[in-house]
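Structure at a glance
Okay, here's what each chain looks like letter by letter:
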Amino acid sequence: MMLVILFGLFQVCNALDNGLARTPPMGWLNWERYRCNTDCKNDPYNCISADLFLEMAKLMKYEGYAAAGYEYVNIDDCWMERERGGDGKLVANPELFPEGIPALADAIHSLGLKIGIYEDYGTKTCGGFPGTKDHIEDDVNLFAEWGIDSLKLDGCYCNASEFSTGYPAVGQALNKTGRAILYSCEWPLYLYRETDKIPYSDIARTCNLWRNTEDVQDSWESVERIIQWFGDNHGDLASYAGPGNWNDPDMLIIGDYGLSFEQSETQMAMWAMMAAPLYMSNDLRTLTQWQKDILMNQEVIAVDQDPLGKQGRRVYQDDKKHYEYWSRELADGSYAVVMYRRDSNGLPKPYTATFKQLNLPFKSASVRDLFKHMDMGVYSGKITATLPPSGSCKMFRLTPVNEELDNNLTA
């Protein structure tokens, strides 16, 4: 009995305990768009300097992104010097951050926003900068002193077999700081390269969010591969997602160079269906109005942020894999539905999804188009939508019109 009690206490002490991410976090992250561009002399407009992060924070505040829910301004790799300081502490690159990270944190906090930073569990970051291995407590205490609100921990330059102890050790150190710091892990991303047996129960006890698969690139092909991966692996993922813990398909690239209007709608819709963190990686200074409208679509964001926290899933795919349907149960008893066309053949076509294919536990529902912001009326048993080729979708919210439930269907 004593051993059981002690084991339980050990589990509690080593579990993440920060009360954060009750819904998927939202914000901005520089990596996909700006990468490791530290050349502020020749490219001051695009280098990853304090000026860039503060400018993005101001745009988030004053152009409506913060009001829509985006709150984290996240610094990724390459922010630091190549060597630690004489006292063993990490040092921000003074050319990029001449006043230091604390000053930037203060400025971002003054806007009512939060700041995130990047490190790596290994001996080096993926960009070759100092990693946190053998410096865990010193580094997380430093981040807490700086006023950091989120830590992304990568997994380069270390053996993946060490993750089961390393990532929890960092989580425990974060707890000890006394500061609520969101914890984003790359743990399963590296394991998938070696095994299909991923310890998601341990990961969910340790991390607020975790990257599952490849980095998103600035192309529709990359986004589509991620969507299909989540569709194919739903059974391994969804049971571990919920308030405080989220699967992370990586950044939103809406507003970059790779997506059409329709494909931008689809990425936003599918990330909401997957209950994904919504981290934009784009240049907020150059977005068009339609890109802003998609990113700040409150009805789609409401699906992503639904308090039930139940991850949506692919419920139907045709034999040729030309189109598919996704469904997500929401806290008020309604369902979000996405009808998604993958093929690139010819003209727009009508597609009909039955309520049975959508796995809906009701026979009739009022239907609302979440991108047109339009009530479509009451539908019984099926819904039809016309979809253009090459990655378009329709996203609906279906609310039952009566209390009659079909017990033969499951949510």
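Everything numeric here is computed off the predicted structure, so don't read it as measured data.

The next thing to look at is empty space enclosed by the protein. Under the defined criterion, the tally for this structure stands at 1 cavity of 30 Å³ or more. Considered as a void within the structure, the largest cavity measures approximately 150 Å³ in volume. Lining the largest cavity are 19 residues, with Leu-29, Lys-152, Ser-184, Asp-248 and Tyr-279 sitting closest to its centre. Every element with two or more residues in the lining of the largest cavity is listed here: strand 3 (114-120), strand 4 (150-154) and strand 5 (182-185). Among the residues forming the lining of the largest cavity, the class breakdown is 9 nonpolar, 4 polar and 6 charged.

This next bit is on the sheet that holds strand 11 (residues 335-341). Whether parallel or antiparallel, the strands of a sheet pair through hydrogen bonds between backbone atoms. Sheet architecture is open: 6 strands sit in the order 9-10-11-16-13-14, paired in antiparallel fashion. The strands lining the two open edges of the sheet, one partner per strand, are strand 9 (313-317) and strand 14 (374-380). Ignoring strand direction, the axes of neighbouring strands in this sheet form an average angle of 30°. Of the strand pairs in this sheet, strand 9 and strand 10 (residues 323-329) are connected by 4 bridges, and their pairing is antiparallel. By the bridge assignment, Arg-314 is partnered in strand 10 with Trp-326. Packing of helix 10 (residues 220-232) onto the sheet brings it into contact with strand 9, strand 10 and strand 11, and relative to strand 10 it is tilted by some 60°. On the sheet, helix 12 (residues 261-273) packs against strand 10, strand 11 and strand 16 (392-400) and is oriented at approximately 40° with respect to strand 16.

Attention now moves to the environment of Asp-250. In this structure, Asp-250 sits in the loop between strand 7 (246-248) and helix 12. On the basis of relative accessibility, which here comes to 4%, the residue Asp-250 falls in the buried class. Apart from the residues within four sequence positions on either side, Asp-250 is in contact with Arg-211, Glu-214, Asp-215, Val-216 and Trp-271.

Moving on to the sheet that holds strand 2 (residues 72-74). Pairing is parallel across the open sheet formed by 8 strands, whose spatial order is 7-6-5-4-3-2-1-8. The open sheet terminates on both sides in strands that have one partner only, identified here as strand 7 and strand 8 (278-280). This sheet shows a mean twist of 25° between the axes of neighbouring strands, independent of strand direction. Of the pairings in the sheet, the one linking strand 3 to strand 4 comprises 5 bridges and is parallel in character. Bridge pairing links Gly-116 to Ser-150 in strand 4.

This part covers the packing of aromatic side chains. A full pass over the atoms with the stated rule returns 23 aromatic pairs. With a centroid separation of 6.4 Å and an interplanar angle of 65°, the aromatic rings of Trp-79 and Phe-143 are classed as edge-to-face. Here Trp-79, found in the loop between strand 2 and helix 5 (100-110), pairs with Phe-143, found in helix 6 (residues 136-146); they are 64 residues apart in sequence, far enough to count as distant. We classify Phe-143 as buried; its relative accessible area is 2%. What makes Trp-79 buried here is its relative accessible area of 0%. Here the aromatic residues Tyr-121, Phe-163, Tyr-167, Trp-187 and Tyr-190 are joined through ring pairs into a cluster of three or more. Seen from the ring of Tyr-34, Arg-33 lies directly overhead, with NZ or CZ sitting 6.0 Å from the centre. It is Lys-124 that lies over the ring of Tyr-157; its NZ or CZ is 5.5 Å from the centre.

The next subject is the nonpolar core. Core analysis: the largest hydrophobic core is formed by 114 residues, its most contacted members being Tyr-70 and Trp-79. For this core, the leading source of residues is helix 3 (residues 50-62), giving 7 residues. Core analysis: the second largest hydrophobic core is formed by 18 residues, Ala-365, Val-367, Leu-387 and Leu-398 among them.

With that settled, the discussion passes to the pairing of strand 11. Within a regular strand, the side chains alternate between the two sheet faces. By the criterion of burial, strand 11 is predominantly enclosed, with 7 of the 7 residues buried. In the sheet, strand 10 pairs with strand 11 via 7 bridges, with the strands oriented antiparallel. The residue bridging Glu-324 from the neighbouring strand is Tyr-340, located in strand 11. Hairpin connection between strand 10 and strand 11: a loop of 5 residues separates the two successive antiparallel strands, and Gly-333 in this loop has a positive phi of roughly 95°. Inspection of the sheet shows strand 11 paired to strand 16 by 7 bridges, in the antiparallel sense. When the sheet's bridge partners are listed, Ala-336 is paired in strand 16 with Arg-397.

What follows is about the confidence of the model for the protein chain. For the protein chain, the average pLDDT comes to 94, and 94% of its residues sit at 70 or higher. Below pLDDT 50 for its whole length, residues 404-411 participates in 16 contacts with residues either more than four positions away or in separate chains.

The next thing to look at is the environment of Phe-143. Sequence-wise, Phe-143 and Lys-124 are 19 residues apart; in three dimensions their C-alpha atoms are separated by 17 Å. Here Phe-143 is in contact with Trp-79, Leu-90, Ile-117, Glu-119, Ile-148 and Leu-151, once residues within four sequence places are set aside.

On to the packing of helix 3 against helix 5, then. It is at 10 Å that the axes of helix 3 and helix 5 come closest, and there the two elements cross at 10°. In this view, helix 3 runs roughly parallel relative to helix 5, as classed from their interaxial angle. Counted together, Ala-50, Phe-53, Leu-54 and Ala-57 of helix 3 and Leu-104, Ala-107 and Ile-108 of helix 5 form the full contact between these two elements. Residue composition of the contact of helix 3 with helix 5, grouped by class: 7 nonpolar, no polar and no charged.

Bringing the environment of Ser-264 into the picture now. By the secondary structure assignment, Ser-264 is in helix 12. According to the relative accessible area criterion, Ser-264 is buried, its value standing at 1%. For the pair Ser-264 and Ile-254, spaced 10 residues apart in sequence, the C-alpha separation works out to 5.5 Å. Those residues in contact with Ser-264 that lie beyond four places of it in its chain are Ile-254, Leu-259, Trp-290 and Ile-294.

Quick notes on the rules
- As a convention, each chain's residues are numbered from 1 in the sequence order in which they are written.
- Only residues with pLDDT of 70 or above have their local features reported here, since the model is predicted, and side-chain atom pairs are shown and tallied only from 80 upward, although totals for entire chains, interfaces and linings are computed over all residues.
- Excluding hydrogens and water, the side-chain values take into account all heavy atoms of the structure.
- Using protein atoms alone on a 1 Å grid, points that fit a 1.4 Å probe yet trap it form a cavity, whereas open point sets bounded by protein on both sides within 12 Å along at least five of seven lines form a pocket; residues with an atom within 4 Å of a point count as lining.
- Grid points are joined across faces, edges and corners, and a volume is the space filled by probe spheres set on the points.
- By the criteria applied, helices consist of DSSP H or I runs no shorter than four residues and strands consist of E runs no shorter than two, each listed in order from the N terminus.
- In this classification, Asp, Glu, Lys and Arg are treated as charged, Ala, Val, Leu, Ile, Met, Phe, Trp, Tyr, Cys and Pro as nonpolar, and every other residue, Gly included, as polar.
- In this scheme, strands are said to pair when DSSP sees at least two bridges between them.
- Every axis in this analysis is a line fitted to C-alpha atoms, fitted for helices over the stretch in contact. Angles between the N-to-C directions lie between 0 and 180 degrees.
- Working rule for contacts: check all heavy atoms of both residues, and any pair within 4.5 Å makes them a contact.
- We call a residue buried when its accessible area falls under 20% of the maximum for its residue type, exposed when it is over 50%, and partly exposed in between, using a 1.4 Å probe and counting protein chains only.
- Only rings of Phe, Tyr and Trp enter the pairing, Trp through its six-membered ring, and a pair is recorded when the two centres are within 6.5 Å. The plane angle decides the type: under 30 degrees is stacked, over 60 is edge-to-face, the rest tilted.
- The criterion is that NZ of a Lys, or CZ of an Arg, lies within 6 Å of the ring centre and within 35 degrees of the ring normal, and then a charge sits over that ring.
- The term nonpolar core refers to a set of buried residues drawn from Ala, Val, Leu, Ile, Met, Phe, Trp, Tyr and Cys, joined through side-chain atoms within 4.5 Å.
- pLDDT expresses, on a scale from 0 to 100, how confident the predictor is about each individual residue.
- Geometric relationships in this document are graded by angle, where less than 35 degrees denotes roughly parallel, more than 145 denotes roughly antiparallel, 65 to 115 denotes roughly perpendicular, and other angles denote oblique.

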